[in-house]
Structure formats: C-alpha cells, structure tokens
Amino acid sequence: MNVSYLSLGSNMGDRIAMLERAVGQLAAHPEIEVGSISSVYETDPVGFTDQDAFLNIVVEVKTTQSASDLLEVCQKIEQYLQRERIIRWGPRTIDLDILLFNQDNMETERLTIPHPRMHERAFVLIPLLEIAPQFGACFPAEDEGVRLWGTINSD
Ligand code: X6L
Ligand code: MG
Ligand code: MG
C-alpha cells in the first residue's frame, strides 16, 4: 500500500463544496482510501495575487495505484469539477496536487515528487503538518497568510 499526501485548493464558486466533492470523488475510487483530512484553511493567493482567497486542505490517501495513476485520478477530478485554465496561477474551482508519495523521489515530464515548490508554500505546509507532524523536521513552516477556516463535512 502506498501512502500519499495531496494538496487541494479552491477559490471559485462554492469553495467548501468543491473541496468536499473532490474528497468524495477520491473516496469513491475503488483503489483509493482517504485517511486523515486536515482542517480547512483560508489562504491569501500566491503567485498571481489579484484573485480571491483560497480554501486549502491536505488529504492523506492510501492507494494500490502508482503515482502516475494517482495523478490521472486527480486530473479527472479536476475535469469533473469543471476546472478551466484561463490565467496561469489564476482562479480555479479545484486543484489537486500530489505532494508526497511514500518516500519516493521521482521526476517525469508530468510529475515531480516531492512537489518541487511545497517547501515554500504556507498554504501547503500548515495543513500538511497538522495531519503529518513528523514532516516538521524536513519542512519548517510559517503561517503567514493562512487562517483556520473550518472543517470538512465528510457526510
Ligand atoms: C514568485 C513566483 C513567487 C511565483 C511565487 C507561488 C506561483 C505559488 C504559483 C510564485 C508562485 C504558485 C494556490 C495559490 C496558486 C493555492 C493559495 C501556486 C500555483 N494555487 N494560492 N496560488 N492557494 N493560497 O492553492 O501555488 S497558483
Ligand atoms: Mg496547486
Ligand atoms: Mg495543480
């Protein structure tokens, strides 16, 4: 069984509903089991800053799938939730990124693990360290621009 951590973010439409639907889609997959889910954080946009605040979470998943297969599942969920790519780093209904996959290091054209920029993103690290504090030693985090917002209702 593989253990992976995913970062999910939304800043368009009903943000919390988007996160809940994405987690529901992961859980519905026959080869994916959803483990710990972080609290929901409201986060200032980074990269392209002239857009609405995000809601971000990190989810632990256990899967028999490979990292590449998991990436395809994430992209299918983005399509299902009508993600459109108009502005680079711009608003999105949902974004699912693979942060970690076991202790693996990999680099293909489509996927780099660990996620190459996770170390510098508070909106990733604060929720990750909430559910996986063992990573605190490798990934120190500051909480600037990240506020506790609520919790996922997984019904
Ligand atoms: C210089 C240049 C500094 C680029 C930062 C940072 C670019 C993050 C892209 C950067 C740079 C990103 C989210 C977001 C995005 C999200 C919040 C990205 C990709 N996704 N902001 N910005 N949450 N708060 O999920 O992460 S765009
Ligand atoms: Mg992202
Ligand atoms: Mg992405």
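Before reading further, recall that the structure is shown in the block above.
Cut-offs and rules
Residues numbered from 1 in each chain as written. Chains lettered and ligands numbered in written order. Predicted model: local features only at pLDDT ≥ 70, side-chain atom pairs only at ≥ 80, totals over all residues. Heavy atoms only, no water. 1 Å grid on protein atoms, 1.4 Å probe; cavity = no way out; pocket = protein on both sides within 12 Å on 5 of 7 lines; lining within 4 Å. Points joined across faces, edges and corners; volume = space filled by probe spheres on them. Helix = DSSP H or I, 4+ residues; strand = E, 2+ residues; numbered from the N terminus. Nonpolar A, V, L, I, M, F, W, Y, C, P; charged D, E, K, R; others polar.

## Remarks on the layout of surface pockets
At step 1: Of the pockets and cavities examined, the largest pocket occupies roughly 990 Å³.
At step 2: Along the wall of the largest pocket there are 38 residues; nearest its centre are Asp 95, Asp 97, His 115, Arg 117 and Arg 121.
At step 3: When contributions to the lining of the largest pocket are tallied by element, the ones reaching two or more residues are β1 (2-10), β4 (54-63), α2 (67-80) and β5 (95-101).
At step 4: The residue makeup of the lining of the largest pocket, split by class, is 15 nonpolar, 10 polar and 13 charged.
At step 5: Each pocket or cavity is described by its volume, and for the second largest pocket that value is around 190 Å³.
At step 6: Taken together, 15 residues make up the lining of the second largest pocket; nearest its centre are Glu 120, Arg 121, Ala 122, Glu 142 and Glu 144.
At step 7: Top contributing element to the lining of the second largest pocket by residue count: helix α3 (residues 122-131), with three residues.

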